[in-house]
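Spelled out, the chains give:
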Amino acid sequence: MNVEEFRDFCLSFPDTREGMPFEGFFKNSQSILVFYVGKKMFCLFDLDKFDRCTLKCDPNLVDELRGHEGIDKPFNLSQKHWISVALNGDVSQELIKDLVTKSYQLVADGVSKGNK
């Protein structure tokens, strides 16, 4: 999956939008693309590198998932709620899509609970 296919997949979820909120925060941060449900992030990655994505994760699954090759701690986000997933072939396309879908659902569920 190339960067455009990945972007299209992330944008295929209902009520999803993208943005680049980290411009000026740290070196090379202007190329961080973030996907949101409402005002909450569910996926982000560096457009220039496209080597890893960071995903929201059920805290009960984080340790188990980090046992897989290509899944690690996130850069600069809570290690309890986020994982970093390699996009270089170490993680299958099917697992990547599944993890993105679960990340979206986890955030979307939280957003909808907040609106009740």
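Just so it is clear, the structure is predicted and the values come from calculations on it, not from any experiment.

Another aspect to go through is the pattern of salt bridges. Tallied over the entire structure, the rule returns four salt bridges. Here R7 and E4 are joined by a salt bridge, their closest N and O atoms 3.5 Å apart. Pair noted here: R7 and E4 are both in helix 1 (residues 3-11), with a separation of three residues, about one helical turn. The partly exposed category is assigned to E4, whose relative accessible area is 43%. Here K102 makes a salt bridge to D98, at a shortest N to O gap of 3.0 Å. Taken as a pair, K102 and D98 lie in helix 3 (residues 93-114) at a separation of four residues, close to a single helical turn. Assessed through its relative accessible area of 31%, D98 is described here as partly exposed.

Cut-offs used in this document
- Residues numbered from 1 in each chain as written.
- Predicted model: local features only at pLDDT ≥ 70, side-chain atom pairs only at ≥ 80, totals over all residues.
- Heavy atoms only, no water.
- Salt bridge = Lys/Arg side-chain N within 4 Å of Asp/Glu carboxyl O.
- Helix = DSSP H or I, 4+ residues; strand = E, 2+ residues; numbered from the N terminus.
- Buried < 20%, exposed > 50% of the residue type's maximum accessible area, 1.4 Å probe, protein only.

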